[in-house]
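Below, each chain spelled out in residue letters.
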Amino acid sequence: VQLVESGGGLVQPGGSLRLSCAASGFTFSGYGMKWYRQAPGKERELVATIGSTGGVTIYATSVNGRFTISRDNAKNTVYLQMNSLKAEDTAVYYCQASSNVVYWGQGTQVTVAS
């Protein structure tokens, strides 16, 4: 089982990034997917959730209206489009697959700074 995040990096405030999480080794279409983030010295925070078919999405208040979670079950990939980025969005972003078991990716760093 693997979840591999990519797309992180350094971006200026107000900019955009698109994170990807490529899944393998399990039946991706049967799993809900989530994006979490963890900033230095803070607890891991749930950012966005998407149901197995993509029909349901839920966002943290702090990112609602700026971030969009989506998935492509044909590509076994979940995405997080992040717009209007702020310094407080700086964190390591992790994807999670959840069903009767939970799998985590290794994380990708997002830094928002001028």
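Residues numbered from 1 in each chain as written. Predicted model: local features only at pLDDT ≥ 70, side-chain atom pairs only at ≥ 80, totals over all residues. Heavy atoms only, no water.

1. Some details on the overall build of the protein chain
- The secondary structure content of the protein chain amounts to 0 helices and 11 strands.
- Along its sequence from the N terminus, the protein chain presents helices and strands in the succession β-β-β-β-β-β-β-β-β-β-β.
- Relative to the compact-globule value of 13 Å for 114 residues, the protein chain shows a C-alpha radius of gyration of 13 Å, a close match.
- Each of the 114 residues in the protein chain was classed as buried or not, and the buried ones make up 41%.
- Look at the contacts in the protein chain between residues 6 or more apart in sequence, and 52% of them connect residues 24 or more apart.
- For the protein chain, the accessible surface area stands at approximately 5,700 Å², while carbon and sulfur atoms represent 48% of it.
- Separation of charge centres in the protein chain, based on 9 positive and 6 negative side chains, amounts to 4 Å. (Helix = DSSP H or I, 4+ residues; strand = E, 2+ residues; numbered from the N terminus. Rg over C-alpha atoms; globule rule 2.2 N^0.38 Å. Buried < 20%, exposed > 50% of the residue type's maximum accessible area, 1.4 Å probe, protein only. Contact = heavy atoms within 4.5 Å. Areas by Shrake-Rupley, 256 points an atom, 1.4 Å probe, with all protein chains shown as cover. Lys, Arg positive; Asp, Glu negative; His and termini not counted. Charge placed at Lys NZ, Arg CZ, Asp CG, Glu CD.)

2. Digging into the state of the cysteines
- Scanning all chains against the criterion turns up 1 disulfide.
- Disulfide pairing places C21 opposite C95 at an S-S distance of 2.0 Å. Because the torsion about its S-S bond is 50°, the bridge between C21 and C95 counts as right-handed. Taken together, the residues span a long stretch of sequence, with C21 in strand β3 (residues 17–24) and C95 in strand β9 (residues 91–98) at a distance of 74 residues. (Disulfide = S-S within 2.5 Å.)

3. Thoughts on unusual backbone geometry
- Positive phi, normally seen in glycine, also occurs at N76, with a value near 55°.
- Here N76 is to be found in the loop between β7 (67–72) and β8 (77–82).
- The class of N76 is partly exposed, set by a relative accessible area of 28%.

4. Overview of the side chain of T49
- Along the chain, T49 falls in strand β5 (residues 45–50).
- Using a relative accessible area of 17% as the deciding quantity, one classes T49 as buried.

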